[in-house]
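# Structural features, examined
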Amino acid sequence: MDILEGIKEAVTDAFGDEIDLTKITPEANLKEDLGFNSIGMLAMAVSLEEKFGFAFTNDDLSAITNVQDVIDLVKSRI
Amino acid sequence: MFGDKKYSVNMFFYDISHGIVLLGGNIPLPKKYTVNKEPFRNKIKEEGMIIVGNHVSFKDPWFYSAVFSNRRMFFLASELVMKDPIRDFLCRHSGCIKIDRNIADINAIRVATKTLKHKRCLAIFPEGTLHKKETEDLTEIKTGVIFLASQTGVPIIPAYSLKPKHWYNRRTIVVGEPFRISDYTKRKFLSVPEMDEIARALIEKINECKNVFDEITGGK
């Protein structure tokens, strides 16, 4: 699965149709541009874990600020 | 607990500490009612469950432990409660799972999920802090409780209680009917808007307990 597509699916799992998927670009900041909160981050992380088969840690989530960080993390784990 | 030393619990210490706090804190033998004003007895014995209630005292966790005395109780506790090593040790071995409210604490969520999947009870005070205005209805809760229930499929037990007027009075609690996420949706992955909507329904259930509590005690 294409990682960016997987992230878009995970964002849809986490936020329903509240987030415009066209805004999900590698540069997009999760909090400032996409409006992520901590529970949304958790929901997205759990969905990504299910899709790509690895487990996030607190350090992973703390280090993520934009979509590119998520892509890099997923790439490094799969 | 579950192979992670950071979250390990010494069950001998757990039982001793709960006994000491229950007796020393004068909180055994709570008056327990259902929302039908009948005596409450916990019938869920073979399943994990999440107990959610308002938070009015630091003794609440042990009080809930006394209410559900036929189950061992674990708690989600803020990082502030367990900020130094001594408190961390005492709280952890009393069944507290530390959660950092400033981050998306996936480690704590994972331990809480495992606790529930091992058919244990978890008490959460979803207001996230001590409730200052005791007589007001709950209006907002953190949706992590809905997230946990949806991931594990366990029922949520709403409850409401206030501190008794005098320290020597028995404390009263009203316990609601089990609240199941599956009654609202069959999906395991809930979106944030869905969790918000289900959280509002849970707040109504807790406030229903509060109304019965007020009728029984006169709001005291």
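Quick caveat: nothing in here was measured; it's all calculated off a predicted structure.

### Some details on the overall build of chain B
Along its length, chain B carries six helices and seven strands. The helix and strand sequence of chain B, counted from the amino end, reads α-β-β-α-β-α-β-α-β-α-β-β-α. A compact globule built from 220 residues would reach a C-alpha radius of gyration of about 17 Å, and chain B, at 16 Å, matches this within 12%. Restricting the contact set of chain B to residue pairs at least 6 apart, pairs at least 24 apart contribute 71%.

### Remarks on the overall build of chain A
Within chain A one finds four helices and zero strands. Tracing chain A from N to C terminus, the helices and strands come up as α-α-α-α. For chain A, whose C-alpha radius of gyration is 11 Å, the value lies close to the compact-globule estimate of 12 Å for 78 residues. For chain A, the C-alpha atoms occupy an extent of roughly 25 × 25 × 20 Å along the three principal directions. The buried share of chain A, reckoned over its 78 residues, is 35%. Considering only intrachain contacts with a sequence separation of at least 6, the fraction spanning at least 24 residues in chain A is 66%.

### Topic: the nonpolar core
Core analysis: the biggest nonpolar cluster contains 81 residues, and A:Leu42, A:Ala45, B:Ile50, B:Ile51 and B:Ile97 have the highest contact counts within it. Those residues in contact with A:Leu42, other than ones at most four positions away along the chain, are B:Ala104, B:Ile106, B:Ile109 and B:Phe147.

### Remarks on unusual backbone geometry
All names here are of chain B. Even without a glycine there, the phi angle at lysine 37 is positive, about 65°. Position of lysine 37 among the secondary structure elements: in the loop between strand E1 (31-34) and strand E2 (49-53). Unusually for a residue other than glycine, lysine 119 sits at a positive phi of about 65°.

### Here's the deal with the interface of chain A and chain B
Counting residues at the interface gives 18 residues for chain A, matched by 15 residues for chain B. Those elements that place two or more of their residues in the side of chain A that touches chain B are helix H1 (3-15), helix H2 (38-52) and helix H3 (58-63) of chain A. Here the residues of the side of chain A that touches chain B sort into nine nonpolar, seven polar and two charged.

### Digging into the confidence of the model for chain B
Mean pLDDT for chain B: 86, with 91% of residues reaching 70 or above. Prediction confidence for the complex, expressed as pTM and ipTM, is 0.87 and 0.85 respectively.

### Concerning the packing of H1(A) against H2(A)
Residue and element names in this part refer to chain A. The interhelical angle for the contact between H1 and H2, taken along N-to-C directions, is 135°, at an axis separation of 8 Å. Classified by the angle their axes make, H1 and H2 are oblique. Crossing geometry of H1 relative to H2 is assigned as right-handed. Facing H1, whose interface residues are Gly6, Glu9, Ala10, Val11, Asp13, Ala14 and Phe15, H2 presents Gly40, Ala43, Met44, Ser47, Leu48, Lys51 and Phe52. Residue composition of the contact of H1 with H2, by class: eight nonpolar, three polar and three charged.

### Focus on the sheet that holds E1(B)
Residues and elements named next belong to chain B. Strand order in the open sheet formed by seven strands is E1-E7-E6-E2-E5-E3-E4, with mixed pairing between adjacent strands. At either margin of the open sheet sits one strand with a lone partner, and together these are E1 and strand E4 (96-99). Within this sheet the neighbouring strands show an average axis-to-axis angle of 25°, counted without direction. Along the sheet, helix H2 (residues 60-67) contacts E1, E2, strand E3 (73-78), strand E5 (121-124), strand E6 (156-161) and strand E7 (172-175); its crossing angle with E3, the most-contacted strand, is approximately 160°.

### Overview of the packing of helix H4 (residues 106-117) of chain B against helix H5 (residues 144-152) of chain B
Axes are the key here: two packed helices are described by the angle between their axes and the distance separating the axes. Residue and element names in this part refer to chain B. Closest axis-to-axis distance for the H4/H5 pair is 10 Å, and the angle between their directions is 50°. By the angle between their directions, the pair H4 and H5 is classed as oblique. Of the two elements, H4 crosses H5, and the hand of that crossing is right-handed. Between H4 and H5, the residues in contact are Ile109, Ala112, Thr113, Leu116 and Lys117 and Leu148, Gln151 and Thr152, respectively.

Cut-off values and rules
Residues numbered from 1 in each chain as written. Chains lettered and ligands numbered in written order. Predicted model: local features only at pLDDT ≥ 70, side-chain atom pairs only at ≥ 80, totals over all residues. Helix = DSSP H or I, 4+ residues; strand = E, 2+ residues; numbered from the N terminus. Rg over C-alpha atoms; globule rule 2.2 N^0.38 Å. Contact = placed C-beta atoms within 7 Å. Buried ≥ 20, exposed ≤ 12 C-beta atoms within 10 Å, placed from the backbone. Core = buried A, V, L, I, M, F, W, Y, C linked by C-beta atoms within 7 Å. Nonpolar A, V, L, I, M, F, W, Y, C, P; charged D, E, K, R; others polar. pLDDT = per-residue confidence, 0-100. Axes fitted to C-alpha atoms, helices over the stretch in contact; angles between N-to-C directions. Parallel < 35°, antiparallel > 145°, perpendicular 65-115°, else oblique. Left-handed = near helix turned anticlockwise from the far one by under 90°. Pairing = 2+ DSSP bridges.

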